[in-house]
Amino acid sequence: AGFASGLVSEDEVWGPHNVKAGSVLWALESSGFHSNGYSLLRKVFEKDLENWLDVLMRPTHLYVKLSKVLREMDVHAFAHITGGGVLNIPRVMPENLKLVLKSWAWPEEFLEVQKRTAMTSQKMLETLNCGIGFVIFAKNSEKKNIEKKIQDMGFKHFDLGVLEKKDGSEEQLVY
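We now turn to the structure provided with this report. Please read all numbers here as calculations on a predicted model, not as lab measurements.

For the protein chain, the count of helices and strands is 6 helices and 6 strands. Put simply, the protein chain runs from its N terminus to its C terminus through helices and strands in the order β-α-α-α-β-β-α-α-β-α-β-β. Rg of the C-alpha trace for the protein chain: 17 Å, near the compact-globule value of 16 Å for 175 residues, within the 12% margin. Each principal axis of the C-alpha atoms in the protein chain carries an extent, and together these give about 50 × 35 × 30 Å. For the protein chain, buried positions account for 43% of its 175 residues. Taking the intrachain contacts of the protein chain between residues at least 6 apart in sequence as the baseline, contacts between residues at least 24 apart amount to 83%. As displayed, the protein chain offers around 10,000 Å² of accessible surface, 52% of which is attributable to carbon and sulfur atoms. In the protein chain, which carries 22 positive and 23 negative side-chain charges, the distance between the mean positions of the two groups comes to 1 Å.

Together, L49, L53 and M57 line one region of the surface with nonpolar side chains, adding up to about 290 Å² of accessible area. Position of L53 relative to the elements: it lies in helix α2 (residues 49-56).

For the structure shown, the criterion picks out 7 aromatic pairs. Residues Y63 and F134 carry aromatic rings whose centres are separated by 5.0 Å and whose planes lie at 10 degrees to one another, so their mutual orientation is stacked. Within this pair, whereas Y63 is found in the loop between α2 and α3 (64-70), its partner F134 is found in strand β4 (residues 132-138), the two being separated by 71 residues in sequence. Taken as a pair, Y63 and F134 share a single burial class, namely buried. For the pair W104 and F158, a centre-to-centre distance of 5.7 Å together with 25 degrees between the ring planes defines the contact as stacked. Of the two residues, W104 is situated in the loop between β3 (97-100) and α4 (108-117) and F158 in strand β5 (residues 157-165); the sequence distance between them amounts to 54 residues.

Here we come to the pattern of salt bridges. The final tally for this structure, using the stated rule, is 10 salt bridges. The salt bridge involving K98 is made with E164; its shortest N-O contact spans 3.9 Å. Of this pair, K98 sits in strand β3 while E164 sits in strand β5; the two residues are 66 residues apart in sequence, bridging distant segments of the chain. Accessibility expressed as a relative area gives 12% for K98, which makes it buried. Measuring nitrogen to oxygen at the nearest pair gives 2.7 Å for the salt bridge that ties D159 to K102. Here K102 lies in the loop between β3 and α4 and D159 lies in strand β5, a separation of 57 residues in the sequence.

The next thing to look at is the nonpolar core. Generally speaking, nonpolar side chains in soluble globular proteins are found buried as a group. F33, I89, W104, V113, V135, F137 and L160 are the most contacted members of the largest nonpolar core, which has 36 residues in total. Once residues lying within four places of it in the same chain are set aside, the contact partners of I89 are L25, A79, I81, L99, L101, V135, F137 and L160. In this structure, L28, L66, V75 and F78 belong to the second largest nonpolar core, which totals 15 residues.

Rules used throughout
Every residue gets a number counted from 1 within its own chain, in the order that chain's sequence is written. Given that the model is predicted, a residue must reach a pLDDT of at least 70 before its local features are reported, and side-chain atom pairs must reach 80 or more before they are shown or counted; all residues, however, enter totals for whole chains, interfaces and linings. Hydrogens and waters are ignored; side-chain quantities use all the structure's heavy atoms. Runs of H or I in DSSP of at least four residues are treated as helices and runs of E of at least two as strands, each being numbered from the N terminus. Atoms counted for the radius of gyration: C-alpha only. Globule rule: 2.2 Å times residue count to the power 0.38. Three exposure classes are used, based on accessible area relative to the maximum for each residue type with a 1.4 Å probe and protein chains only: buried under 20%, partly exposed in between, and exposed over 50%. Whether two residues are in contact is decided by their heavy atoms: any pair within 4.5 Å suffices. The protein chains shown are the only cover counted for residues, whose accessible areas, like all others here, come from Shrake-Rupley with a 1.4 Å probe. Positive charges are assigned to Lys and Arg, negative charges to Asp and Glu, while His and the chain termini are left out of the count. Note on charges: their place is set at NZ of Lys, CZ of Arg, CG of Asp or CD of Glu. Here a patch means residues that are over 30% exposed by relative accessible area and free of salt bridges, tied together within 9 Å if like-charged and within 5 Å if nonpolar (Val, Leu, Ile, Met, Phe, Trp, Tyr). Salt bridges are defined as contacts in which a side-chain nitrogen from Lys or Arg sits within 4 Å of a carboxyl oxygen from Asp or Glu. Two aromatic rings from Phe, Tyr or Trp, using only the six-membered ring of Trp, form a pair when their centres are within 6.5 Å; if the ring planes differ by under 30 degrees the pair is stacked, by over 60 it is edge-to-face, and anything between is tilted. Nonpolar cores were defined as sets of buried Ala, Val, Leu, Ile, Met, Phe, Trp, Tyr and Cys residues, with membership established by side-chain atoms within 4.5 Å.

So this is what it looks like as structure tokens:
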């Protein structure tokens, strides 16, 4: 267990209050399962666990170092994709916005879990990170600066989509 405390000026706080329609989302690639879903993963790989140990024991990327670098830019919010998968993204979105998720290539280990469990793609996305470890919300005008910083820090990334206004009862995530 750990604990951290800090002080941030209110005008510097990231979160849903800064996120607007037109905000661009960048997904940073995960290093694997990121210590989530291991009750499921133990069962999925129990018959050939030794073949998957390196993948299952791969350390989680630490994205916190990005926050210091991105403070200089017009970043609106971050979402760490943990247990619950992409359902973590709406936590930092205002209720009146939606994200139409762009597709991306899932790493082999997630495809293997899907094959062995027969979970739908939507269920997989709502259970595991499926290759996304962290999401950055920012203004489109910051695109080149943010991409350069991400690359300079050694993170692979891809475009996850742009936030749009939603109509009434639409879902916040569209698969």
